[in-house]
Amino acid sequence: MNSRGCNVSEDPQTICPSSSQLSAIDDLLLKLPIDLIVEIFSRLPLKSISRCRCVSKRWASFLRRCDFTELFLTKSLARPQLLFACRTQRETELLFFSSPQLQHPDENLSTITADHQVSFPFESVYDISSPVNGFVCIRDDLMLKDRKTQELVSVICNPSTRQCFPLPKMNIDPLVKKSTPVRSFLGYDPIEKQDKVLAMIKRYDTVVDHQVLTLRGSGNLTWRKAECGIPHFPPNPDSICIGGVLYYAARASSGGYMIVCFDVRSEKYSFVKFTEREKYFATLINFQGKLASLMAHPNPLFISGTSTSFEMWILRDPEKHGWYPRIFNLPPTWKDVVGGEELLFRGVTATNEFVLSCNCKSSSEPFHVYYYNFIMETITRVEIQGMGAFERGSIVGIFPNHGADVKLV
C-alpha cells in the first residue's frame, strides 16, 4: 500500500541514537511492565508519537499495539478537537488544521490558535467525507499504476499519522456503460473494531452498484458487493456514523426522500422515510447518541443573524420512521453576535453546544467558530488564528469532536 503522506522532519540526533544508546533504550522497554509503558506513551502529545516511531524497530512495533492505539484514541476523544479541512481555489492541495474545542459552557475564550497538522497534494478534490476515527475519505483524480489516463478514485487520509493512500479501483461492470464512482462514505463497526468504506457507482442519476472495503482487515484491500433493495442517489458527501450505523440522506429513484441506514457490521441496508421534503436538506448530527437533523428557517441550508429559531428532528424509532421535533428559539443576543454572517451547522458537542461557522474564509477577514449552548442559551464566538496558509476563497470543512487515531494502516 503506497502512502504519499509527509514525513516528519526531526533532528537526527533526536531520532537516530547510537547503537549503545539504542540497546539501552530497548532494554528499558523490555524491563518495564506493558501496562505502564502503554500508559506512559498514551500521555505523550501527538507529534511525539511520530518521533518515537523513529527511535527503533522495537519502539515502532510497540506503538502499533492495539491496546496502545485504542487508549490513545480514547484519551484524545476526551479532549476533542475541531478538525479543519481546507482546499484552495486551485484544488491542488488539501490542508488540515486542528484546534482545541470549547469544553465548558462558561469558558470565555475569544481566540484559539489552530495547529497545521499536514498538507496533502491532490489533482482535483471532488468532495470530502465526514471523518470517522480520525480518517477522512476524499475523491480525487489520480494517475493509477499501468494506466495512461487519470481516474476518479477514493483516497484515505489520516492527518494524525500523515498517511495518505489511494484505495484500489472499484469493480465496475464493463457491460454497464457510462457508469462512474459517485460517493464514498466512512463507517466504523465498534464490535469488530473495523473501519470500512462504503462506495457507490452511478449510471446517470441512479446508483447501480454498492461496494464495501475494510480498511483494517488482513491481506490486500479488496472491494466486495453490498446488496441494496431500494435504488437511490445521495446528492452530497455528508454522512454520520453512530453506534455502528452509517446514515446519509438520499433521493429514491421513485422520487421520495429518505435517510439511508447502513449497518457497518452486517453490511445490510435499511431506510427511514422523510415526511417533509425540507428535511432532505437538513444537517445530520449525533445528538446524545441518536440521529438528528438540524434545519434553519427560512433557508434550511444556513442560519444567519436574522434567524429567530431553528428546529431539530430526532430519530426516535427507525423501524416506525418516527421523528421527534424540537424547536430552539434563539436569544436576542444572537443577532448582535452573529451579525451578517451566514452560518452552517457543523455538529454538537458533548457539553450541549451546537457548533456553527461560515463556509468560506476571505484572506482579509478573521475566521470565527460559534458555539450555541441550548441549555444556558449562550453564544460564544471564537476567532481561529494561525491559519495563514489559506488562500482567498478557500472552502473549509469543519468537523467537531475529532480524535487522533495513531494506528497505521
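This one's a predicted model, so the numbers in the text were calculated from it and none came from an experiment.

### Comments concerning the side chain of S130
Relative to the assigned elements, S130 resides in the loop between strand 5 (125–128) and strand 6 (136–143). A polar side-chain atom of S130 sits 2.9 Å from the main-chain carbonyl oxygen of S239. Residues within four places of S130 in sequence aside, it is in contact with L186, P237, D238, S239 and F399.

### Looking at the confidence of the model for the protein chain
Overall, the predicted model of the protein chain reaches an average pLDDT of 82, with 83% of residues at or above 70. Here helix 1 (residues 12–15) stands out as the least confident element of the protein chain, with mean pLDDT 41; strand 14 (residues 240–242) is the most confident, with 95. In the model, residues 1–15 has pLDDT below 50 throughout and makes 30 contacts with residues more than four positions away in sequence or in other chains.

### Considering the packing of helix 3 (residues 34–42) against helix 6 (residues 66–78)
Taken N-terminus to C-terminus, the directions of helix 3 and helix 6 make an angle of 40°; their axes are 9 Å apart at the nearest point. The angle between the axes of helix 3 and helix 6 places the two elements in the oblique class. Seen from above, helix 3 lies across helix 6 with right-handed handedness. Contact residues: helix 3 offers I34, V38, E39, F41 and S42, while helix 6 offers D67, F68, L71, F72 and K75. Tallied by class, the residues present in the contact of helix 3 with helix 6 amount to 6 nonpolar, 1 polar and 3 charged.

### A closer look at helix 4 (residues 46–53)
Of the residues making up helix 4, those classed as buried are S48, I49, S50, C52 and R53. Elements that come into contact with the buried residues of helix 4 comprise helix 3, helix 5 (57–62) and helix 6.

### Section: the layout of surface pockets
Approximately 500 Å³ is the volume attributed to the second largest pocket. Lining the second largest pocket are 27 residues, and of these L46, K47, S98, D115 and Q117 sit closest to its centre. Secondary-structure elements contributing two or more residues to the lining of the second largest pocket are helix 4, helix 6, strand 2 (93–100) and strand 4 (115–121).

### Regarding unusual backbone geometry
Even without being a glycine, Q288 presents a positive backbone phi close to 55°. Mapping Q288 onto the fold places it in the loop between strand 18 (283–287) and strand 19 (290–296). Phi angles above zero are rare outside glycine, and H321 is one such case at about 60°. Judged by its relative accessible area of 29%, H321 falls in the partly exposed class.

### Topic: the sheet that holds strand 3 (residues 111–113)
Taken in spatial order, the 6 strands line up as 3-27-26-24-23-20 in an open sheet, and their pairing is mixed. Both outer strands of the open sheet, strand 3 and strand 20 (303–304), are each paired with one neighbouring strand and no more. Bridging between strand 26 (residues 367–373) and strand 27 (residues 378–385) involves 7 bridges; their strand directions are antiparallel. For F367, the partnering residue across the bridge sits in strand 27 and is I384.

### A short note on the packing of aromatic side chains
Applying the stated rule across the entire model yields 18 aromatic pairs. Between F96 and F120, the aromatic rings sit 6.0 Å apart at their centres with planes inclined by 70°, giving edge-to-face as the arrangement. Of this pair, F96 sits in strand 2 while F120 sits in strand 4; the two residues are 24 residues apart in sequence, bridging distant segments of the chain. Comparing F96 with F120 shows no difference in burial state: the two are buried. Note on F287 and F374: the rings are 5.8 Å apart at their centroids and 45° apart in plane angle, and the pair reads as tilted. Of this pair, F287 sits in strand 18 while F374 sits in the loop between strand 26 and strand 27, and the two are 87 residues apart along the sequence. Looking at F374, the relative accessible area reads 8%, which means it is buried. Each member of the aromatic cluster is reached from another via a ring pair, and the members are F287, F310, F328, W334, F345, F354, Y372 and F374.

Quick notes on the rules
- Here the residue numbers are simple positions, counted from 1 along each chain's written sequence.
- Where local features are concerned, this predicted model is filtered to residues with pLDDT of at least 70; where side-chain atom pairs are given and counted, the filter is 80 or more; whole-chain, interface and lining totals use all residues.
- Side-chain numbers come from the whole structure's heavy atoms, not from hydrogens or water.
- We count a stretch as a helix when DSSP gives it H or I for four or more residues in a row; a strand needs E for two or more, and each element gets its number in order from the N terminus.
- Within 3.5 Å is the distance limit for a polar contact, defined as a pair of N or O atoms, with the added protein rule that one can donate a hydrogen and the other accept it, and that residues adjacent in sequence qualify only through two side-chain atoms.
- We call two residues in contact whenever any of their non-hydrogen atoms come within 4.5 Å of each other.
- pLDDT measures how confident the predictor is about each residue, on a scale from 0 to 100.
- The angle between two axes is taken between their N-to-C directions and runs from 0 to 180 degrees, where each axis is a line fitted to C-alpha atoms and a helix contributes only its stretch in contact.
- Should an angle fall under 35 degrees it is called roughly parallel, over 145 degrees roughly antiparallel, and 65 to 115 degrees roughly perpendicular, with every other angle called oblique.
- When the near helix sits turned anticlockwise from the far one by under a right angle, the crossing is termed left-handed; a clockwise turn instead gives a right-handed crossing.
- Gly is placed with the polar residues, together with every amino acid not listed as nonpolar (Ala, Val, Leu, Ile, Met, Phe, Trp, Tyr, Cys and Pro) or charged (Asp, Glu, Lys and Arg).
- Classification of residues uses two cut-offs on accessible area relative to the type maximum, computed with a 1.4 Å probe and protein chains only: under 20% is buried, over 50% is exposed, and between them is partly exposed.
- Here a cavity denotes a set of grid points, spaced 1 Å apart and computed over the protein atoms alone, in which a 1.4 Å probe fits but from which it cannot get out, and a pocket denotes an open set meeting protein on both sides within 12 Å along at least five of seven lines; residues with an atom within 4 Å of a point are reported as lining.
- Grid points are joined across faces, edges and corners, and a volume is the space filled by probe spheres set on the points.
- Pairing between two strands requires that DSSP report at least two bridges joining them.
- Pairs were defined over the aromatic rings of Phe, Tyr and Trp, the Trp ring being its six-membered one, requiring ring centres within 6.5 Å. Orientation was assigned from the angle between planes: stacked under 30 degrees, edge-to-face over 60, tilted for the rest.

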